[in-house]
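Fold and geometry: a report
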Amino acid sequence: MATNPPSGISEDISSEIDAKLKLSSSLVVCFGEMLIDFVPTVNGVSLAEAPAFKKAPGGAPANVAVGIARLGGSSAFIGKVGKDEFGFMLANILKENNVDNSGMRFDDGARTALAFVTLRADGEREFLFYRNPSADMLLKESELDVNLIEKAAVFHYGSISLIEEPCRSAHLAALKIAKKSGTFLSYDPNLRVALWPSEEHARQGIMSIWGHADLIKVSEDEIAFLTKGEDPYDDGVVLKLFHPNLKLLIVTEGSEGCRYYTKSFKGKVAGLNVEAIDATGAGDAFVGGLLSNLASDLTLYQDEKRLRQVLLFANACGAVTVTQRGAIPALPTRDTALQLIQQSSA
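Figured I'd write up the structure that's included with this text.

About the cut-offs
Residues numbered from 1 in each chain as written. Predicted model: local features only at pLDDT ≥ 70, side-chain atom pairs only at ≥ 80, totals over all residues. Heavy atoms only, no water. Phe/Tyr/Trp six-rings, centres within 6.5 Å; stacked < 30°, edge-to-face > 60°. Helix = DSSP H or I, 4+ residues; strand = E, 2+ residues; numbered from the N terminus. Buried < 20%, exposed > 50% of the residue type's maximum accessible area, 1.4 Å probe, protein only. Lys NZ or Arg CZ within 6 Å of the ring centre and 35° of its normal. Pairing = 2+ DSSP bridges. Axes fitted to C-alpha atoms, helices over the stretch in contact; angles between N-to-C directions. Contact = heavy atoms within 4.5 Å. Disulfide = S-S within 2.5 Å. Expected span 1.5 Å × (residues − 1). Salt bridge = Lys/Arg side-chain N within 4 Å of Asp/Glu carboxyl O. Left-handed = near helix turned anticlockwise from the far one by under 90°. Nonpolar A, V, L, I, M, F, W, Y, C, P; charged D, E, K, R; others polar. Core = buried A, V, L, I, M, F, W, Y, C linked by side-chain atoms within 4.5 Å.

1. Re the packing of aromatic side chains
- What the rule picks out here adds up to 11 aromatic pairs.
- Centroid distance F116 to Y130: 5.7 Å. Interplanar angle 65°. Geometry classified as edge-to-face. Highlighted residues: F116 in strand 7 (residues 114-119) and Y130 in strand 8 (residues 125-130), separated in sequence by 14 residues.
- Note on Y130: relative accessible area 45%, which makes it partly exposed.
- The interplanar angle of 75° and the centroid separation of 6.1 Å between the aromatic rings of Y260 and F265 together place this pair among those described as edge-to-face. Accessibility assignment for this pair places Y260 and F265 in one class, buried.
- Put simply, the rings of F31, F155, Y157, Y187 and W210 touch in pairs and so form one group of aromatic residues.
- For the cation-ring pair, R203 lies above F225, with the distance from its terminal atom to the ring centre recorded as 4.4 Å.
- When the ring centre of F313 is taken as reference, the NZ or CZ atom of R334 above it lies at 5.7 Å.

Below, the structure written as structure tokens:
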């Protein structure tokens, strides 16, 4: 496996990226939860100390779907919300952002999930979830839009939908349909320990579908969690998570950028400097930037130069997102991401 040394942005390459990154007309179907994030109106406080909250649509798979559409790609969302004002609002937000919401379902009995999210003064995010149960947990296999899944070039999912039945069985059924259809499988575990019965349940649940994915995106914290405290910056540790059928493993490092691993090469693409206000949705914006290009060229992971260009673009998508509050409201357009690359390379 060849190693490409870490690189910064030392030259103006945004024009080259703009020329070579193809926008996808191929469909990316995102499966999982959609909810309402409540984000404090000020930074650096605990949830209890927050004077007020700003309401914002969220949920990692839905964030990715909107991110792809906002970049000009084709995306759809499959999941369940409550038959309530928040659920209707979320469905409308997807429609307004050109995301196919025909795979959404509405539950008569359960409410749309809520999450309170803050960035404390020590830099750690704090979560408080209201889902006991929420509608996203109650999606049934019989409610899946099979035709939509079969049409996908890429099927993207997380692990939160594996926590409870009946959604777990619906997730596994959707994964089976996508795999049978020859769809490229993209997995972002999106670890939320507080939602699982225990840390060990979380590890087992996340790893239970690990071997199916063609692409896995994890953070450094998730590597440390999955390996029970091993060093996430050690390539040897990371490669323990590289299963035999995996095509591309991405490790995100926040403002520092990302590392990439394939069977043939590995390397790092540096991040872009911005003034961070709220990190919510940054990883989802990164995934959206990556999948919006992967969907039109499912072999791009074989070309290291092209992969690095796409990952720089994905880093820019994540960087733009942290400059505003909330996830979906902060997701960038293609021009905004490219402009940041231009400014950083000037």
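2. Thoughts on the sheet that holds strand 3 (residues 35-40)
- Strand order in the open sheet formed by four strands is 4-3-7-8, and the pairing between neighbours is mixed. Where the open sheet ends on each side, the last strands, each with one partner, are strand 4 (53-58) and strand 8. Across the sheet, the axes of successive neighbouring strands diverge by a mean angle of 25°, strand direction being ignored.
- Sheet topology places strand 3 next to strand 7; three bridges connect them, and they run parallel. The partner of D37 across the bridge, within strand 7, is A115.
- Relative to strand 3, helix 3 (residues 85-96) is tilted by about 95°, and along the sheet it contacts strand 3, strand 4 and strand 7.

3. A short note on the state of the cysteines
- Per the counting criterion, the structure on display carries zero disulfides.
- C258 takes part in no disulfide bond, and the closest cysteine sulfur, belonging to C317, lies 12 Å away.

4. Some thoughts on helix 9 (residues 282-294)
- Given a rise of 1.5 Å per residue, 13 residues ought to cover 18 Å, and the 18 Å separating the end C-alpha atoms of helix 9 matches this to within 8%.
- For helix 9, a buried count of 12 out of 13 residues is recorded, marking the element as mostly surrounded by other parts of the structure.
- Residues of helix 9 that are buried: A282, D284, A285, F286, V287, G288, G289, L290, L291, S292, N293 and L294.

5. Here's the deal with the pattern of salt bridges
- Inspection of every chain in the model, using the stated rule, returns 14 salt bridges.
- We note a salt bridge from K240 to E230, for which the minimum N-O separation is 2.7 Å. Of this pair, K240 sits in the loop between helix 8 (235-239) and strand 12 (248-252) while E230 sits in the loop between helix 7 (220-226) and helix 8, and the two are 10 residues apart along the sequence.
- Looking at K240, the relative accessible area reads 56%, which means it is exposed.
- Within the structure, one salt-bridge network assembled from shared partners comprises E199, E200, R203 and K228.

6. A few points about the packing of helix 9 against helix 10 (residues 304-321)
- In contact at an axis separation of 7 Å, helix 9 and helix 10 are set at 145° when each is read in the N-to-C sense. Remark: the crossing between helix 9 and helix 10 carries right-handed chirality. Here A282, A285, F286, G289, L290, S292 and N293 of helix 9 lie close against helix 10, whose contacting residues are R306, V310, L311, F313, A314, N315, C317, G318 and T321.
- Partitioning the contact of helix 9 with helix 10 into residue classes produces nine nonpolar, six polar and one charged.

7. Some points on the nonpolar core
- M34, F77, L215, I250, Y260, L291 and L311 are the most contacted members of the largest nonpolar core, which has 58 residues in total.
- No other element matches the 10 residues that helix 10 contributes to this core.
- Ignoring sequence-local partners within four residues, the contact set of L291 consists of V28, V64, I68, V154, H156, S186 and L215.
- Within the second largest apolar cluster, 50 residues are counted, among which are L35, F129, I149 and I160.

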